[in-house]
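# Structural overview
Single-letter residue listing:
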Amino acid sequence: TELSHIRNFSIVAHIDHGKSTLADRLIQSTNTVSAREMKAQLLDAMDIERERGITIKANTVRIEYKADNGEVYILNLIDTPGHVDFAYEVSRSMRAVEGSLLVVDSTQGVEAQTLANVYQAIDANHEIVPVLNKIDLPAADCARVAEQIEDVIGIDASEALQVSAKSGIGIHETLEAIVHRLPAPTGDAGKPLTAMLVDSWYDAYLGVVVLVRVMDGVLKKGDRVKMMQNGSIHLVDRIGVFRPAMQDVKELGPGEIGFITAQIKQVRDTRVGDTITHEKKGADKALPGFKPSQPVVFCGLFPVDAAEFEDLRDAIEKLALNDASFSYEMETSAALGFGFRCGFLGLLHLEVIRDRLEREYDIDLITTAPSVIYHIYMRDGTLVELHNPADMPDMTLIDHIEEPRIKATILVPDEYLGDVLKLCQDRRGIQLDLTYAGSRAMVVYDLPLNEVVFDFYDRLKSVTKGYASFDYHLMGYREDALVKMSILVNDEPVDALSMMVHRDRAEMRGRAMVEKLKELIPRHMFKIPIQAAIGGKVIARETLSAMRKDVTAKCYGGDATRKRKLLDKQKAGKKKMRQFGKVDIPQEAFINALKMD
Ligand code: GTP
């Protein structure tokens, strides 16, 4: 296809503003798929994505559109993940296209979560077409929202499109705008091949499928290609496009987006952002800006039922094949037995993987406290990278400890600013900057990552009613007064609950933890002390009093069915518990004990 007849774009939107509905409409109105094939929200394939309303993996679709000028254009839509954990994937997807539709709900206006993505689009030099959606609703106020887009984001909204993705108003205009207002890609078919690896995933039939954007040169079936990061060579055995079903093509030229398969065994062998070139006469310089996504949050995953360990191993291996940013290694815990220490891009990534293990593989899990990587400088001059608080070396051998810090940018409407500042301050933040854009404040904080990984995002959302956007990147490591806090239940340390905390906050956190645990652990036949300790020193203590009598006691000699029912209930409850010494701790306790109010 000629470059002048290609348009590549993504859709940027705040959650629920209608991104998927609009994408579906664009696909439908160009007859890319028949109505029968058209499942609602075609682009969000996975159940969890749908339920959580998030898009995890970039998806793509190629649309053929005959414009009013009689010419046929190829429109490639790349779907982008919307969450901060996947910021790197978003930025890669954005670099694979030249323009964006900015979808804003005309009954709501600009909301904060859109901003991080719009700025990524602006950074990638996109032409941006504002789309005011949901104009079918009586509450739509296009003039106000257009003004807001100009004030807050600073892009021209005088020619914003007025659309109802739901009822199909303005869809034709949107397609015309894509053709006439977004730029065509540039590239040179005569130059050595450079193709960006935008995404990759595992397909049960095809193996690893790689989504590519060709910049220069031509990629054909049968080509021997090289991944420039690791130098590995692969034979392209299939090449095609998504319409949205896979359709083979002969070649992909400059500006085109499509997929290849090349007998690649695992997704881990492909790196998002990498450059693909030919083995012979290849490009000598990779495309700029490659950085691998690195796990930053670690936690232990253990089966509730030790007999399910092998199932867990299988499930984790399968998931890892399809997700290069997820890492794992075996771990043993005194209290929890065999499990895995896993690394994630962020907390949402962690939750998604845990949910998939529980739902798709039907394994009940205990998740231990999420932790970041600490740098422990030993007195003998060695450096230990601590991924798991349980492995903390003896305090007396340690010289000092450094923790990762992030630079966080938060955009928030004025009225919530005070609460946001307090939250950041409470989490040991250092304010770096505070500016205003319209009725929004932009604050920049230097924060310890370990204060962010638990529930910072949830807290931020709740104190700002969802109106804050949050984006961060790692800045580096800094020394601080960090200690390991252990939790003892019935005098036995539960290593899965131990965590690193700042010394000044240890007592407060310890107190909160033991109080929570007291509520979360059911009463037993005996008294159970619950303690938080640093080294040998107890800093907080609660006692769970003994249960008065057996639940079945009241039916002795009485109704046998009722007794059996109660016992069955107990059994079902037991399955979700883990025994520590003589104490049963329910699964929820592990994660809930860590949440702070
Ligand atoms: P996520 O996938 O959750 O990020 O949201 P999204 O931005 O893709 O929004 P989605 O397309 O799922 O739409 C959110 C809700 O708005 C759905 O209930 C849609 O039916 C509804 N919706 C989308 N477009 C319109 C519209 O033009 N008018 C009306 N009335 N409702 C719409």
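Residues numbered from 1 in each chain as written. Predicted model: local features only at pLDDT ≥ 70, side-chain atom pairs only at ≥ 80, totals over all residues. Heavy atoms only, no water.

### Some remarks on the overall build of the protein
- Across its full length, the protein holds 14 helices and 33 strands.
- Taken across its 597 residues, the protein has 54% of its residues classed as buried.
- Look at the contacts in the protein between residues 6 or more apart in sequence, and 69% of them connect residues 24 or more apart.
- For the protein, the accessible area works out to roughly 26,500 Å², and carbon and sulfur atoms hold 48% of it. (Helix = DSSP H or I, 4+ residues; strand = E, 2+ residues; numbered from the N terminus. Buried < 20%, exposed > 50% of the residue type's maximum accessible area, 1.4 Å probe, protein only. Contact = heavy atoms within 4.5 Å. Areas by Shrake-Rupley, 256 points an atom, 1.4 Å probe, with all protein chains shown as cover.)

### A closer look at the confidence of the model for the protein
- Averaged over all residues, the pLDDT of the protein equals 85, while 87% of them reach at least 70.
- Quick note on the complex model: pTM equals 0.69, ipTM equals 0.97. (pLDDT = per-residue confidence, 0-100.)

### Description of the site of the ligand
- Taken together, 18 residues lie near the ligand, and Lys-19, Ser-20, Thr-21, Asp-136 and Ala-165 sit nearest.
- Within the backbone of Ala-165, an N or O atom sits 2.9 Å from an oxygen atom of the ligand.
- Taking 640 Å² as the accessible area of the ligand by itself, protein coverage stands at 80%.
- The greatest single-element share of the shell around the ligand, amounting to 3 residues, is contributed by helix 1 (residues 19-29).
- Looking at the shell around the ligand residue by residue, the classes come out as 3 nonpolar, 9 polar and 6 charged. (Near = heavy atom within 4 Å. Polar contact = N/O pair within 3.5 Å; in protein donor to acceptor, adjacent residues only side chain to side chain. Nonpolar A, V, L, I, M, F, W, Y, C, P; charged D, E, K, R; others polar.)

### Some words on the nonpolar core
- One finds Leu-357, Ile-410, Phe-456 and Phe-470 to be the most contacted residues of the largest nonpolar core, which totals 51 residues.
- Formed by 31 residues, the second largest nonpolar core is a distinct cluster that contains Val-304, Met-499, Val-514 and Leu-544. (Core = buried A, V, L, I, M, F, W, Y, C linked by side-chain atoms within 4.5 Å.)

### What about the sheet that holds strand 6 (residues 161-162)?
- With mixed pairing, 6 strands are arranged side by side in an open sheet as 2-3-1-4-5-6. Across the chains shown, the open sheet's two edge strands, defined by having one partner strand only, are strand 2 (60-66) and strand 6.
- Alignment of strand 1 (residues 6-13) against strand 4 (residues 99-105), held across 5 bridges, turns out to be parallel. Directly across from Ala-13, in strand 4, lies its bridge partner Val-103. (Pairing = 2+ DSSP bridges.)

### Observations concerning the packing of helix 1 against helix 6 (residues 171-181)
- The contact between helix 1 and helix 6 brings their axes to 10 Å, and the two run at 85 degrees. The pairing of helix 1 with helix 6 is recorded here as roughly perpendicular in orientation. Facing helix 1, whose interface residues are Leu-22, Arg-25, Leu-26 and Ser-29, helix 6 presents Ile-171, Thr-174, Leu-175 and Ile-178.
- Tallied by class, the residues present in the contact of helix 1 with helix 6 amount to 5 nonpolar, 2 polar and 1 charged. (Axes fitted to C-alpha atoms, helices over the stretch in contact; angles between N-to-C directions. Parallel < 35°, antiparallel > 145°, perpendicular 65-115°, else oblique.)

### Brief notes about the sheet that holds strand 13 (residues 246-248)
- Here we have 8 strands laid out as an open sheet, ordered 11-10-16-7-8-15-12-13, and antiparallel in their pairing. Both outer strands of the open sheet, strand 11 (233-235) and strand 13, are each paired with one neighbouring strand and no more. Direction aside, neighbouring strands of the sheet carry axes that sit 40 degrees apart on average.
- Relative to strand 13, strand 12 (residues 238-242) is paired through 3 bridges, and the arrangement is antiparallel. Across the sheet, residue Gly-240 finds its bridge partner in strand 13, namely Asp-248.

### Topic: the pairing of strand 25 (residues 440-448)
- The element strand 25 is largely enclosed, with a buried count of 8 among its 9 residues.
- Across 9 bridges, the pairing between strand 23 (residues 398-413) and strand 25 is antiparallel. Its bridge partner lying in strand 25, Leu-411 is registered against Met-442.

### What to know about the side chain of His-375
- By the element assignment, His-375 lies in strand 21 (residues 374-378).
- Note on His-375: relative accessible area 14%, which makes it buried.
- If we skip the residues at most four places from it in the chain, His-375 touches Leu-383, Val-384, Glu-385, His-400, Ile-401, Glu-402 and Tyr-477.

### Concerning helix 11 (residues 456-463)
- Regarding helix 11, the residues found buried are Phe-456, Tyr-457 and Leu-460. Considered in projection along helix 11, the buried side chains sweep an arc of 95 degrees and stay on one side of the axis.
- Just beyond helix 11, the residue with positive phi is Lys-465, at close to 50 degrees. (Arc of directions from axis to C-beta.)

### Quick look at unusual backbone geometry
- The phi dihedral of Gln-263 is positive, around 50 degrees, even though this residue is not glycine.
- Within the element layout of this structure, Gln-263 appears in the loop between strand 15 (257-261) and strand 16 (275-278).
- Of the residues examined, Gln-263 reaches a relative accessible area of 52% and is grouped as exposed.
- A positive phi angle is found at Asp-362, which is not glycine, with a value near 55 degrees.

### A short note on the pairing of strand 5 (residues 127-133)
- Within strand 5, 6 of the 7 residues are buried, leaving the element largely enclosed by the surrounding structure.
- Here strand 4 runs beside strand 5; their pairing, made up of 7 bridges, is parallel. Looking across to strand 5, one finds that Gly-99 is bridged to Glu-127.
- Where strand 5 and strand 6 come together, 2 bridges link them in parallel fashion. Bridge assignment links Val-131 to a residue of strand 6, and that residue is Leu-161.
- Viewed along the sheet, the connection from strand 5 through helix 5 (residues 142-153) into strand 6 turns out right-handed. (Right-handed = clockwise from strand over helix to strand, strands pointing away.)

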